[in-house]
Amino acid sequence: MELMGVSVALLAMFAGFGLLIGVLFGFFGMGGSFLVTPALLVMGYEPNVAVGSGLAFVFGTSVIATLKHRDLGQVDYKLGVSMIVGTTLGIEVGRLGLEYLQHIGLADSVVSVAYVVLLGGIGAFVTREALRGGGGGLSHDVDESEGDDEHDIPDIAKKIQSYHVPPMISLRGGITVSLWMVLIVAFFTGLLSGFLGVGGGFIRMPALFYAIGVPVPVAVGTDLFEIVFSGGIGSFLYAQSGAVDLSIVAPLLAGSALGARLGAAATSLVDEEGIKVYFGVMLLLGAFAVAIRQVGNFLGIDVLNTVSLVVIVGAALLVAGAVVLSSVRELRTASEETVHSTAD
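The name an unreviewed UniProt entry gives the chain is Probable membrane transporter protein, with Salinigranum rubrum as the organism. One UniProt comment on the chain, placed under Sequence similarities (unreviewed entry), says "Belongs to the 4-toluene sulfonate uptake permease (TSUP) (TC 2.A.102) family."

Below you can see the structure in the form of structure tokens.
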């Protein structure tokens with residue numbers, strides 16, 4: 001049975017894939033094009049259709065997830081707009097650097113190595129810091145009225161916050177930081193994003209926490225707010241050239257509509273250290289998958305591209321499952337505590 005030339009089985013597969021990615025997207029503020037684009041390429045779609053449809057999906061999912069994070073008080077619009085300005089400038093400089101490397105014939109090798117090293121490096125750093133930091137209990141929804149939110153501010157962020165260069169801006173979680181420091185951090189994250197040709201969610205989210213010092217849930221929500229703009233612009237440009245396939249995007253969004261809200265809700269249940277551990281593991285497995293694909297391209301072994309995709313999808317299933325189980329466990333614990341306190 002087919003609907004508009006697309007089999008029901010394929011529609012169901014895309015919807016299920018959208019649900020999976022939506023959970024990751026809502027929980028981490030990343031994972032869309034990181035998973036969708038390579039999957040579509042392996043399935044035989046043209047590169048421009050894979051990228052354009054992936055961007056359209058990222059845009060739709062980021063809108064859904066951002067609205068949920070907004071309801072939870074986890075989006076800092078002031079920080080988001082500031083990051084968009086700095087990131088845009090950085091992306092342009094990164095793009096020029098990439099064009100220069102293409103001109104001298106070193107782009108593929110340099111970008112491939114840099115991508116694997118950066119992905120693996122950030123993953124290892126975040127995982128190590130989270131495991132070393134410990135942490136426990138439920139994290140709380142962030143509200144501006146709470147003042148200083150109870151979360152450990154990294155040493156790098158403390159240093160950046162110590163530079164009182166006007167104008168100073170107040171952020172969610174009781175954070176006060178120089179606007180210039182925010183713009184500098186945004187510029188460098190944009191530089192890396194433009195140079196590597198990726199959306200940059202795996203760069204911005206840890207930067208917002210480790211460099212600016214906002215709580216992890218706010219870092220995720222604000223990162224998603226930024227992706228609404230970058231994904232929207234990108235998908236619009238690709239749609240103009242007919243590279244957005246609605247038969248792909250629609251079922252993906254149908255699945256992610258639920259997944260993104262589940263993932264966003266989970267950030268208010270799982271403690272900050274748990275979020276960071278899952279994030280780090282996701283990046284480490286992603287780096288491994290990308291490395292496999294690059295080895296396959298270098299040696300001309302096409303089957304390694306499929307192996308790479310299997311590793312990425314497997315990592316997504318593993319991490320998304322862990323997120324859902326952790327959320328259920330926290331809800332059950334909170335429910336039992338409520339029952340006990342009522343009984344007492």
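Caption draft 1: View of the environment of Gly296. Structurally, Gly296 can be placed in helix H11 (residues 272-299). It is 9.4 Å that separates the C-alpha atoms of Gly296 and Val307, two residues lying 11 residues apart in sequence. Excluding anything up to four places from it in sequence, Gly296 contacts Ile301 and Leu304.

Caption draft 2: Focus on the side chain of Lys68. Locating Lys68 in the fold gives a position in helix H3 (residues 47-71). One buried charge, Lys68, has no salt-bridge partner; the nearest side chain with opposite charge is Asp71, at 5.4 Å. Ignoring sequence-local partners within four residues, the contact set of Lys68 consists of Arg261, Ala264 and Ala265.

Caption draft 3: Geometry of the packing of aromatic side chains. Following the criterion strictly, the structure yields 6 aromatic pairs and no others. Ring geometry for Phe209 against Tyr210: centres 4.8 Å apart, planes inclined by 80 degrees, an arrangement best described as edge-to-face. With respect to burial, Phe209 and Tyr210 carry one shared label: buried. With a centroid separation of 5.3 Å and 80 degrees between ring planes, the pair formed by Phe225 and Phe229 is classed as edge-to-face. Here the residue Phe225 and the residue Phe229 both occupy positions in helix H9 (residues 216-240), the gap between them amounting to 4 residues, near one helical turn. Residue class for Phe225 comes out buried when judged on its relative accessible area of 12%. Given a relative accessible area of 40%, Phe229 falls into the partly exposed group. Clustering of aromatic rings is evident, with ring pairs tying together Tyr77, Phe225 and Phe229.

Caption draft 4: Here's a closer look at the pairing of strand E4 (residues 175-178). In terms of strand pairing, strand E3 (residues 168-171) meets E4 through 4 bridges, oriented antiparallel. Note that in E4 the partner of Leu171 across the bridge is Ile175. Here E3 hands over to E4 after 3 residues, with Gly173 in that stretch at a positive phi of 90 degrees.

Caption draft 5: Structural detail: the pattern of salt bridges. Under the counting rule described, the total for this entry stands at 3 salt bridges. The partner of Arg70 in a salt bridge is Asp71, with the nearest N and O atoms 3.3 Å apart. Measuring nitrogen to oxygen at the nearest pair gives 2.7 Å for the salt bridge that ties Arg204 to Asp223. Within this pair, whereas Arg204 is found in helix H8 (residues 201-212), its partner Asp223 is found in helix H9, the two being separated by 19 residues in sequence.

Caption draft 6: Fine view of the UniProt feature "transmembrane region" (unreviewed entry) in the chain. Under the UniProt annotation, "transmembrane region" (unreviewed entry) lies at residues 7-29, 49-67, 104-126, 177-202, 208-229, 275-292 and 304-325. Counting secondary structure, residues 7-29 comes out at 91% helix and 4% strand; the distance between its end C-alpha atoms is 31 Å. Along residues 208-229 the backbone is 86% helical and 0% strand, and the end-to-end C-alpha distance reaches 17 Å.

Caption draft 7: Looking closely at unusual backbone geometry. The omega angle of the peptide bond from Pro166 to Pro167 is 0 degrees, so this bond is cis rather than trans. With respect to the element layout, Pro167 can be found in the loop between helix H6 (155-161) and E3.

Caption draft 8: Structural view of the side chain of Ser62. Note that Ser62 resides in helix H3. The buried category is assigned to Ser62, whose relative accessible area is 0%. Not counting residues within four places of it along the chain, the set of residues in contact with Ser62 comprises Phe25, Leu224, Ile227 and Val228.

Caption draft 9: A look at a nonpolar patch on the surface. Nonpolar side chains collect at one region of the surface, where Val295, Phe298, Leu299, Ile301, Val303 and Val307 lie side by side and expose about 580 Å² of accessible area between them. Those elements that provide at least two residues to the nonpolar patch are H11 and helix H12 (303-343). In terms of residue count, the dominant contributor to the nonpolar patch is H11 (3 residues). Positionally, Phe298 belongs in helix H11. Accessibility expressed as a relative area gives 73% for Phe298, which makes it exposed.

Conventions used here
As a convention, each chain's residues are numbered from 1 in the sequence order in which they are written. In keeping with the predicted nature of the model, local features appear solely for residues at pLDDT of at least 70, side-chain atom pairs appear and are counted solely at 80 or more, and the whole-chain, interface and lining totals rest on all residues. With hydrogens and water excluded, all non-hydrogen atoms of the structure serve as input to the side-chain values. UniProt positions are given in the numbering used here, feature names are shortened, and annotations may be inferred rather than shown by experiment. By the criteria applied, helices consist of DSSP H or I runs no shorter than four residues and strands consist of E runs no shorter than two, each listed in order from the N terminus. By definition in these notes, contact holds between two residues if any of their heavy atoms fall within 4.5 Å. For every residue, the accessible area (1.4 Å probe, protein chains only) is compared with the maximum for its type, and the residue is labelled buried under 20%, exposed over 50%, or partly exposed between those bounds. In this count, Lys and Arg are taken as positive residues and Asp and Glu as negative ones, while His and the chain termini are left out. Within this document, salt bridges are pairs made up of a side-chain nitrogen of Lys or Arg and a carboxyl oxygen of Asp or Glu, the two lying within 4 Å of each other. The pairing test for Phe, Tyr and Trp rings, Trp by its six-membered ring, is centres within 6.5 Å, and the orientation test on the planes gives stacked under 30 degrees, edge-to-face over 60, and tilted for anything in between. Strand pairing follows a simple DSSP-based rule, namely that at least 2 bridges must link the two strands. Residues forming no salt bridge and having over 30% relative accessible area are the ones grouped into patches, like charges within 9 Å of each other and nonpolar side chains (Val, Leu, Ile, Met, Phe, Trp, Tyr) within 5 Å. Accessible surface is estimated by sampling points in the Shrake-Rupley manner with a 1.4 Å probe; for residues, cover comes only from the protein chains shown.

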